[in-house]
Every structure is written in structure tokens, then in C-alpha cells.
Amino acid sequence: MIDKNVVKQLVEEWLDGKDYFLTDLTVSPDDRIVVEMDHVEGVWIEDCVDLSRYIEERLNRDEEDYELEVGSAGIGQPFKVHRQYEIHVDSPVVVLTGEGKKLRGILTAVESDHFILTIKEKVRPEGAKRPQWVDKDLTFRFEDVKYTKYDLDAK
């Protein structure tokens, strides 16, 4: 079986000096290697091909047969690493809380252990006849949410 640490080292070598970052790397027992990366401006297919070739040139197919897939983390997929939160600050996101509640809002801040989601909430100010939409900041620790992902349906 191919050692995941060997593949990770190869990916990190290729990433060195580039604005890309690794979001996921898996090596299955049958040697299927899947590498996912991301970039603030999106992932270009040419760079996926370049990374794939870089890995293939450094792994010996005579020693172990493997399948290699290199691609983007996917715009509609849940964030897997802290850097994905950072590049989506001020973007619309969907958060599924630990309690199973789905919230839509703007990712307004990211710290080392938590992030802030600004949602719209309808409230009726004292003395007002009609409710008004107001911004409300909610703070979540990363481990307290099931997922956060870019909101493709934001208007």
C-alpha cells in the first residue's frame, strides 16, 4: 500500500511557493489516491494536471499500481480546513449546527478556534407596528458545527 505521508510530502513540495493549499488527501487500501486542493480564486485544471504529473513522476508504478485523482475541493462542498473559512470571509455561507439547524448568512470573521456568522433576523422593536430585519452575529466554535459551505443559492 502507498504511504499517505509520502504522497502528502510530494503534494507539499509542489504547493511550496504557490497560493494553492491542500484541503484533503486520502489513500484507500486499494491504492486509490485522491488529492483535493483549493485557491482563493478557484482551482485551474492545468494546475491539477501539473500536480498529477508531479506526483506520478515521483511514485514508481512498477512497485505499486495506483489510481490518482487530483481536483478542486468543490465550491459546494463543506469546508475541510481553516484556510477555506479564511478565503470565504464576507461570503454567503450555509452552516449546519451541531443541533441540526441550517443557517444562512455572511461569514464575517474567522479566528483560530471560532467563526462569526451574520444572519438576518426579523424583530419588532418596542413600540413599532411592524417587524424589521436586523443583522445578528452568531459565534460558533469549529467543532460545534456539522459543516459550513459556500452558499450557492445566495441571492
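Provided above is the structure to which this section pertains.
These notes cover the structure that comes with them. (Residues numbered from 1 in each chain as written. Predicted model: local features only at pLDDT ≥ 70, side-chain atom pairs only at ≥ 80, totals over all residues. Heavy atoms only, no water.)

Quick word on unusual backbone geometry
Peptide bonds are mostly trans, and most non-glycine residues show a negative phi.
Link 1 in the chain: Positive phi is not limited to glycine here, since Asp-31 has a value of about 60 degrees.
Link 2 in the chain: Within the secondary structure, Asp-31 sits in the loop between strand 1 (21-27) and strand 2 (32-38).
Link 3 in the chain: Given a relative accessible area of 7%, Asp-31 falls into the buried group.
Link 4 in the chain: Its identity as a non-glycine residue notwithstanding, Asp-90 has a phi of 75 degrees, on the positive side.
Link 5 in the chain: Considering the arrangement of structural elements, one finds Asp-90 in the loop between helix 3 (82-87) and strand 4 (92-97). (Helix = DSSP H or I, 4+ residues; strand = E, 2+ residues; numbered from the N terminus. Buried < 20%, exposed > 50% of the residue type's maximum accessible area, 1.4 Å probe, protein only.)

Remarks on the side chain of Gln-84
Link 1 in the chain: Inspection of the secondary structure assignment puts Gln-84 in helix 3.
Link 2 in the chain: Exposure remark for Gln-84: the relative accessible area of 2% places this residue in the buried category.
Link 3 in the chain: There is a polar contact of 2.5 Å between the side chain of Gln-84 and the backbone nitrogen of Lys-80.
Link 4 in the chain: The contact partners of Gln-84, leaving out residues within four places of it in the chain, are Phe-21, Thr-23, Asp-38, Ala-73 and Phe-79. (Polar contact = N/O pair within 3.5 Å; in protein donor to acceptor, adjacent residues only side chain to side chain. Contact = heavy atoms within 4.5 Å.)

A short note on the packing of helix 1 (residues 4-15) against helix 2 (residues 45-58)
Link 1 in the chain: Here helix 1 crosses helix 2 at 130 degrees, and the two axes come no closer than 10 Å. Between helix 1 and helix 2, the interaxial angle falls into the category oblique. As for the relative orientation of helix 1 and helix 2, their crossing is right-handed in sense. Counted together, Leu-10, Val-11, Glu-13 and Trp-14 of helix 1 and Asp-47, Asp-50, Leu-51, Tyr-54, Ile-55 and Arg-58 of helix 2 form the full contact between these two elements.
Link 2 in the chain: Of the residues assigned to the contact of helix 1 with helix 2, the class counts are six nonpolar, no polar and four charged. (Axes fitted to C-alpha atoms, helices over the stretch in contact; angles between N-to-C directions. Parallel < 35°, antiparallel > 145°, perpendicular 65-115°, else oblique. Left-handed = near helix turned anticlockwise from the far one by under 90°. Nonpolar A, V, L, I, M, F, W, Y, C, P; charged D, E, K, R; others polar.)

As for the sheet that holds strand 4
Link 1 in the chain: Strand order in the open sheet made by the five strands is 7-6-5-4-8, with antiparallel pairing throughout. At either margin of the open sheet sits one strand with a lone partner, and together these are strand 7 (132-141) and strand 8 (145-150). This sheet shows a mean twist of 40 degrees between the axes of neighbouring strands, independent of strand direction. (Pairing = 2+ DSSP bridges.)

Structural notes on the pairing of strand 1
Link 1 in the chain: Across six bridges, strand 1 lies against strand 2 in antiparallel orientation. If you follow Val-27 over to strand 2, its bridge partner there is Ile-33.

Structural notes on the nonpolar core
Link 1 in the chain: Formed by 20 residues in total, the largest nonpolar core has its most connected members in Val-7, Ile-33, Val-35, Leu-51, Ile-55, Leu-59 and Val-70.
Link 2 in the chain: For this core, the secondary-structure elements that each account for two or more residues are helix 1, strand 1, strand 2, helix 2 and strand 3 (67-72).
Link 3 in the chain: With near-sequence residues (within four places) excluded, Leu-59 lies in contact with Ile-2, Val-6, Val-7, Leu-10, Ile-33 and Tyr-66.
Link 4 in the chain: The next biggest cluster of nonpolar side chains, apart from the first, holds 14 residues, and it includes Phe-79, Val-93, Leu-103 and Leu-138. (Core = buried A, V, L, I, M, F, W, Y, C linked by side-chain atoms within 4.5 Å.)

Describing helix 1
An α-helix turns once every 3.6 residues. As a result, residues three or four positions apart point the same way.
Link 1 in the chain: Here helix 1 is 12 residues long and its end C-alpha atoms lie 16 Å apart, about the 16 Å a rise of 1.5 Å per residue gives.
Link 2 in the chain: Looking only at helix 1, the buried set comprises Val-7, Leu-10, Val-11, Trp-14 and Leu-15. Projected down its long axis, helix 1 carries its buried residues within an arc of 135 degrees, all on one side.
Link 3 in the chain: If you follow the buried residues of helix 1, they end up packed against strand 1, strand 2 and helix 2.
Link 4 in the chain: Taking the backbone nitrogen of Asn-5 as reference, a side-chain oxygen 2.9 Å away marks Asp-3 as the first, capping residue of helix 1.
Link 5 in the chain: Looking one or two residues beyond helix 1, the residue adopting positive phi is Gly-17, at roughly 85 degrees. (Expected span 1.5 Å × (residues − 1). Arc of directions from axis to C-beta.)

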